[in-house]
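# Descriptive analysis of the structure
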Amino acid sequence: MRIHALEARQFRNLENVLMEPHPRFNVLSGDNGHGKTNVLEAIYLLGTLRSFRAGKTEEMVRFGQPQASVRARVEKLQTTRLLEVNLRPGHKHGRVDGKGARAIDYFGGFNVVLFAPEDLRLPKGPPAGRRRFLDRAVWNAHPAYLGEVQTYERVHKSRNAVLRDGGANVEQMIDVYDEQLARAAVAIITRRRALLDDLAPRVRAAFDRVTQTGLTLGIAYETTLDISNIEYSMREKLTADRRKDLARGATSSGPHVDDLELVLDGKPARTYASQGQLRAIVLALKIAEIEFLREKLGDAPVLLLDDVSSELDPTRNAQLFDFLKSVPCQAFITTTHPGHVLLAEERLDFQVVAGVVGR
Ligand SMILES: Nc1ncnc2c1ncn2[C@@H]1O[C@H](COP(=O)(O)OP(=O)(O)OP(=O)(O)O)[C@@H](O)[C@H]1O
Ligand SMILES: [Mg+2]
């Protein structure tokens, strides 16, 4: 996959950026706060219609401006499309080749994978980060997953509202939601587990390549549900937990609390791995994700690396760039120190100064 041209208008501090990126490596250098991550965010938005930073749509619109837009000519499997996202407060609209597209129809034409310093907290951080990692990978490979997640989230939210607010027919309403939630859970867990089946051997191999210590890294889906009959077991669990859920005003089990288990040499990586091993685990997960998507999509996703070199030790940093050189992909790499970006060839450097991107 490849971006031929990128335009961002009134997007955060980027007033009017026009870039013709290199087909391989694009290095965006600049001091803190000048807009490097904003460029990656604009590209990420084109691929996902979302920001990777929490917040509202209006926060992406440049202060004092009514609207923002990001456009790019992108190529996937020899087909070129013009993608466009327009933002106004409370309004986000994607267009493909000039035609409006519903979110669900927008996806599939362009895939991005982000590697950011936050990812380095993945093994030890809260489960939500690991679920997000899984879900992003599933969604990149299967755009229909978005609808499945939205269905689950809608029912989950409604059930929680009834748990909290009560009303006349609480028990009957929860009965209905339990049925719906159990059905919706099947799709989510099945997709995530299938992804892990694809990812696990790649993660193990990548970790081996990166560490060369003979230690093995295993990954598995962690759930309190019985995976041989998810729907039945989810219904049972919801019934068993109903009193507790009513007291809490929240649903205690389901894919929204599941986790990705990382096992280093038979022990939980969270508590057992060293700092260096934790970084190697993250690197292996990212390498596996990129390799998987490349194979699945038939074309490597565009990679967005947000200042990760400053967070990796020199050995892991060198391994990251060796890997990037080995994958036929386009990448956008931000840094405050262009020297950390260990790429000598097929590289175009851009300077980002006060929201202006120049050569
Ligand atoms: N809606 C907005 N309108 C205008 N400027 C904004 C908006 N949102 C964020 N900014 C500005 O964008 C800048 C941050 O840009 P960005 O995060 O891309 O910096 P960076 O170059 O990646 O910095 P660092 O090296 O510290 O990561 C800040 O100066 C911030 O004030
Ligand atoms: Mg940044």
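About the cut-offs
- Residues numbered from 1 in each chain as written.
- Chains lettered and ligands numbered in written order.
- Predicted model: local features only at pLDDT ≥ 70, side-chain atom pairs only at ≥ 80, totals over all residues.
- Helix = DSSP H or I, 4+ residues; strand = E, 2+ residues; numbered from the N terminus.
- Rg over C-alpha atoms; globule rule 2.2 N^0.38 Å.
- Buried ≥ 20, exposed ≤ 12 C-beta atoms within 10 Å, placed from the backbone.
- Contact = placed C-beta atoms within 7 Å.
- Pairing = 2+ DSSP bridges.
- Axes fitted to C-alpha atoms, helices over the stretch in contact; angles between N-to-C directions.
- Near = placed C-beta within 6 Å.
- Expected span 1.5 Å × (residues − 1).
- Arc of directions from axis to C-beta.
- Core = buried A, V, L, I, M, F, W, Y, C linked by C-beta atoms within 7 Å.
- Parallel < 35°, antiparallel > 145°, perpendicular 65-115°, else oblique.
- Left-handed = near helix turned anticlockwise from the far one by under 90°.
- Nonpolar A, V, L, I, M, F, W, Y, C, P; charged D, E, K, R; others polar.

It is worth spelling out the overall build of the chain at this point. Per the secondary structure count, the chain includes 10 helices and 15 strands. Radius of gyration (C-alpha) of the chain: 22 Å, near the 21 Å computed for a compact globule of 359 residues. Dimensions along the principal axes, computed over C-alpha positions, put the chain at roughly 65 × 55 × 35 Å. Burial statistics for the chain: of 359 residues in total, 40% are counted as buried. Across the chain, every contact between residues at least 6 apart in sequence was considered, and the portion connecting residues at least 24 apart equals 73%.

Bringing the sheet that holds strand β1 (residues 2–11) into the picture now. What the six strands build is an open sheet, ordered β2-β1-β4-β5-β6-β7; its pairing is antiparallel. Each edge of the open sheet carries a strand with a single partner, namely β2 (14–19) and β7 (99–101). The sheet shows a mean angle of 20° between the axes of neighbouring strands, taken without regard to direction. With seven bridges connecting them, β1 and strand β4 (residues 68–76) associate as antiparallel partners. Following the sheet pairing, I3 is matched in β4 by V74.

Turning next to the pairing of β4. In terms of strand pairing, β4 meets strand β5 (residues 79–88) through nine bridges, oriented antiparallel. Residue pairing for β5: K76 is matched across the bridge by T79. The turn linking β4 back onto β5 is made up of two residues, and L77 within it adopts a positive phi angle of 45°.

To continue, consider the sheet that holds strand β11 (residues 267–268). Taking strand neighbours across the sheet as the criterion, the three strands line up as β9-β10-β11 in an open arrangement whose pairing is antiparallel. A strand with exactly one partner marks an edge of an open sheet, and here the two such strands are β9 (217–222) and β11. Strand direction decides the pairing type here: strand β10 (residues 259–264) and β11, joined by two bridges, are antiparallel. In the sheet register, L264 faces β11, and the bridge partner there is K267.

In this structure, L49 is a non-glycine residue whose phi angle is positive, near 60°. Tracing the sequence through the fold places L49 in the loop between α1 (36–48) and β4. Located in the positive-phi region is D307, a residue other than glycine, with phi close to 55°. One can find D307 in the loop between β12 (302–306) and α10 (314–326).

A separate point is the site of ligand 1. In the vicinity of ligand 1 lie 18 residues, with N13, N32, K36, T37 and N38 positioned nearest. If you tally residues by element for the shell around ligand 1, the top one is α1, at three residues.

Further remarks concern helix α4 (residues 145–165). A rise of 1.5 Å per residue sets the reference length of α4, with its 21 residues, at 30 Å; its end C-alpha atoms lie 30 Å apart and thus fit the reference within 8%. Listing the buried residues of α4 in full gives Y145, Y152, V155, H156, R159, V162 and L163. Angularly, the buried residues of α4 cover 130° about the axis, an arc narrow enough to put them on a single face. The exposed residues of α4 that point more than 90 degrees off its buried face are G147, K157, R164 and D165.

Quick look at the nonpolar core now. Among the nonpolar cores identified, the biggest contains 79 residues, and V39, I43, I281, A284 and L304 are the most heavily contacted of them. If one sorts the elements of this core by residue count, helix α9 (residues 275–297) sits on top with 11 residues. Setting aside residues no more than four positions away along its own chain, I281 makes contact with P123, F207, L217, L262, A269 and A273. Ranked by size, the runner-up nonpolar core spans 16 residues in total, among them V155, V162, A184 and I189.

For the pair α4 and helix α5 (residues 170–211), the least separation of the axes is 9 Å and the interaxial angle reads 155°. When the axis of α4 is compared with that of α5, the two are roughly antiparallel. In the crossing of α4 with α5, the sense of the turn from one axis to the other is left-handed. Contacts between α4 and α5 involve Y145, E148, V149, T151, Y152, V155, H156, S158, R159 and V162 from the former and V170, M173, I174, Y177, Q180, L181, A184, A185, A187, I188 and R191 from the latter. Partitioning the contact of α4 with α5 into residue classes produces 14 nonpolar, four polar and three charged.

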